[in-house]
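# Chain and residue survey
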Protein chains: 2
Amino acid sequence: MNKHPLRQQIEEIVKLTDDEFDFVLQHFRKKSFKKHQIILHEGDYAQFDFFVVKGLMRVTKLDFDGKEHILQFGMENWWITDAEAFHNKTKSTLIVDCLENTETLSLSLESKEKLSRELPKMQTFFLKKTTNGYIALQKRILCFLSSNANDRYHNLLTLYPGLIQRVPKAMIASYLGVTRETLSRLSKIKA
Amino acid sequence: MNKHPLRQQIEEIVKLTDDEFDFVLQHFRKKSFKKHQIILHEGDYAQFDFFVVKGLMRVTKLDFDGKEHILQFGMENWWITDAEAFHNKTKSTLIVDCLENTETLSLSLESKEKLSRELPKMQTFFLKKTTNGYIALQKRILCFLSSNANDRYHNLLTLYPGLIQRVPKAMIASYLGVTRETLSRLSKIKA
DNA sequence: CCATTTTTTTGACAAATGTCCTGTTCAGCA
DNA sequence: TGCTGAACAGGACATTTGTCAAAAAAATGG
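The structure contained in this document is the topic of the report that follows. What you are looking at is a predicted structure, and each value in this text was computed from that prediction instead of being measured.

Rules used throughout
Residues numbered from 1 in each chain as written. Chains lettered and ligands numbered in written order. Predicted model: local features only at pLDDT ≥ 70, side-chain atom pairs only at ≥ 80, totals over all residues. Heavy atoms only, no water. Buried < 20%, exposed > 50% of the residue type's maximum accessible area, 1.4 Å probe, protein only. Helix = DSSP H or I, 4+ residues; strand = E, 2+ residues; numbered from the N terminus. Pairing = 2+ DSSP bridges. Least-squares fit on C-alpha atoms with pLDDT ≥ 70 in both. Contact = heavy atoms within 4.5 Å. 1 Å grid on protein atoms, 1.4 Å probe; cavity = no way out; pocket = protein on both sides within 12 Å on 5 of 7 lines; lining within 4 Å. Points joined across faces, edges and corners; volume = space filled by probe spheres on them. Nonpolar A, V, L, I, M, F, W, Y, C, P; charged D, E, K, R; others polar. Buried area = accessible area lost by both parts, 1.4 Å probe. Salt bridge = Lys/Arg side-chain N within 4 Å of Asp/Glu carboxyl O. Polar contact = N/O pair within 3.5 Å; in protein donor to acceptor, adjacent residues only side chain to side chain. Axes fitted to C-alpha atoms, helices over the stretch in contact; angles between N-to-C directions. Parallel < 35°, antiparallel > 145°, perpendicular 65-115°, else oblique. Core = buried A, V, L, I, M, F, W, Y, C linked by side-chain atoms within 4.5 Å.

## Here's the deal with the pairing of strand β3 (residues 48-54) of chain B
All names here are of chain B. Of all seven residues that make up β3, five are buried, and the element is covered over most of its length. The sheet contact formed by β3 and strand β8 (residues 102-108) spans six bridges and is antiparallel. Along β8, the bridge assignment pairs Phe 50 with Ser 106. Pairing geometry for β3 and strand β6 (residues 79-80), over two bridges, is antiparallel. Across the sheet, Phe 50 pairs through a bridge with Ile 80, a residue of β6.

Next comes the structure, spelled out in structure tokens:
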């Protein structure tokens with residue numbers, strides 16, 4: 001009997017009874033999307049934080065020049081949204097779309113706050129997840145500070161070995177902050 | 001009658017009674033450090049998260065080549081520590097030291113968790129602060145993805161206008177991920 | 001105030017990366 | 001089946017940034 005992936009993630013941090021998890025799950029709504037579908041447009045309000053059950057999404061920033069920069073991928077068990085727009089109820093400056101058909105559980109800010117209030121364990125969970133996310137971003141920044149494109153690429157390979165098979169290299173390049181031409185050259189030059 | 005800077009920061013997010021703030025403050029310990037003093041060495045456990053009352057600290061990563069990369073500055077009202085080592089009780093991979101004589105309020109992980117448990121408002125505060133920190137790091141990453149050294153520099157100037165007066169430019173360069181020579185050349189080439 | 005150290009700037013050159021372009025392969029689709 | 005566009009590799013050259021060396025400027029300590 002397999003536990004729900006969301007429950008599994010929560011219980012890595014706080015334990016829940018069956019009733020408690022039912023209560024938690026009531027605050028989510030299932031949403032499915034198709035490949036290429038845009039979930040959040042620039043300028044829209046970010047109504048939901050998405051827990052990815054199956055599939056692959058990404059968060060993109062559109063440049064002044066129209067270039068797109070990938071801030072984040074979201075595979076299974078990742079949370080994905082425009083964090084600033086979602087938490088501050090402001091219009092999104094980012095775009096969220098699907099690279100594959102994707103099933104999610106969506107959580108509104110109101111539901112998140114209600115959950116945090118009525119089941120304090122869940123606030124503990126959100127705090128721990130956010131802290132871990134903060135630490136992960138610090139590491140990514142450190143990577144920008146201390147590594148060249150080649151090292152950043154190989155760091156990414158070991159960090160998310162599954163990603164490269166599911167995502168075009170041009171997007172990997174975008175996530176790494178280099179052009180696809182540069183990434184293409186790295187692949188062969190050096191292991 | 002001026003409020004305590006820590007209270008002021010907390011009350012931007014959750015309101016506290018005088019008694020509650022007294023209770024909060026009991027969990028902190030005043031610690032003062034001198035310029036150049038190292039607060040957290042690589043390999044040490046990060047016992048505390050520091051709220052900077054007065055002064056200036058920084059968090060540094062030491063390279064394999066011995067080069068240092070500045071991950072974060074911490075001025076007045078900032079929180080500073082090795083987040084990963086602090087929250088996971090692991091040995092620090094970063095160094096925290098003082099660029100000026102600095103007064104802090106230190107909070108241990110045990111105190112932070114006790115406070116979160118006994119005064120849920122404080123957990124709400126910590127969650128909001130961490131979320132804001134996460135958003136700030138996302139923006140810094142976006143800056144690395146989409147901007148060259150010159151734009152990153154001017155972005156930093158507008159973001160923390162006070163910083164440049166208090167910190168040698170070589171350290172600003174380190175924070176931006178460029179050499180001091182490159183930064184020096186930018187300053188004049190372009191506004 | 002001077003002496004010393006730290007910080008900043010500058011130049012010449014090397015290395016990394018970006019830009020523009022072409023050609024090839026391959027998957028998806030009419 | 002053949003067409004089309006996406007993905008990828010590669011060349012030629014421009015631009016940005018790094019490296020090393022040295023001088024100039026500013027800060028610090030006695």
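## Quick look at the relation of the copies chain B and chain A
With an RMSD of 0.0 Å, the operation that places chain B on chain A is a rotation of 180 degrees combined with a shift of 0.0 Å along the axis. These values place the two chain copies in the arrangement generated by a two-fold rotation axis. Mapped onto chain A, 100% of the interface residues of chain B are again interface residues, and the two copies thus contact each other with one and the same surface.

## Notes on empty space enclosed by the protein
Any space left empty among the atoms is revealed by the rolling of a water-sized probe across them. All names here are of chain B. One pass over the structure, following the stated rule, counts one cavity of 30 Å³ or more. Volume-wise, the largest cavity comes out at about 30 Å³. At the level of elements, α6 (149-159) and α7 (163-166) are the ones that each hand at least two residues to the lining of the largest cavity. Broken down by element, the residue count for the lining of the largest cavity peaks at three residues, all from α6. Grouping the constituent residues of the lining of the largest cavity by class yields seven nonpolar, no polar and no charged.

## Topic: the pairing of strand β4 (residues 57-62) of chain B
Residue and element names in this part refer to chain B. Of the strand pairs in this sheet, β4 and strand β5 (residues 68-74) are connected by six bridges, and their pairing is antiparallel. Residue pairing in the sheet places Lys 61 in a bridge with His 69 of β5. Looking at chain direction, β4 and strand β7 (residues 94-98) are connected through five bridges and run antiparallel. Its bridge partner being in β7, Lys 61 is matched across the sheet by Leu 94.

## Brief notes about the interface of chain B and chain A
Taken residue by residue, the interface counts 35 residues in chain B and 35 residues in chain A. Carbon and sulfur atoms make up 70% of the area that chain B and chain A hide from each other, which totals about 3400 Å². Measuring nitrogen to oxygen at the nearest pair gives 2.7 Å for the salt bridge that ties Lys 139 of chain A to Glu 84 of chain B. On the surface where chain B and chain A come into contact, there are eight residue pairs in polar contact (both at pLDDT 80 or more). At the level of elements, β5, α3 (83-88), α5 (120-146) and α8 (169-176) of chain B are the ones that each hand at least two residues to the side of chain B that touches chain A. With 20 residues, α5 of chain B is the largest single contributor of residues to the side of chain B that touches chain A.

## A look at the sheet that holds strand β2 (residues 38-40) of chain B
Residue and element names in this part refer to chain B. In space, the four strands of this open sheet follow the order β2-β7-β4-β5, with antiparallel pairing throughout. Each edge of the open sheet carries a strand with a single partner, namely β2 and β5. Across the sheet, the axes of successive neighbouring strands diverge by a mean angle of 30 degrees, strand direction being ignored.

## Examining the packing of helix α4 (residues 109-118) of chain A against helix α5 (residues 120-146) of chain A
Residues and elements named next belong to chain A. Look at α4 against α5: their axes get within 4 Å of each other, and the N-to-C directions meet at 120 degrees. By the angle between their axes, α4 is oblique relative to α5. Together, Lys 112, Leu 115, Ser 116, Arg 117 and Glu 118 of α4 and Pro 120, Met 122, Gln 123 and Phe 126 of α5 make up the contact between the two elements. Class assignment of the residues belonging to the contact of α4 with α5 gives a composition of four nonpolar, two polar and three charged.

## Brief notes about the nonpolar core
In terms of nonpolar packing, the biggest core is built from 50 residues, with Ile 39, Met 57 and Ile 141 of chain A together with Ile 39, Met 57 and Ile 141 of chain B touching the most fellow members. Listed in part, the 34 residues of the second largest apolar core include Phe 28 of chain A together with Leu 115, Met 122 and Phe 125 of chain B.

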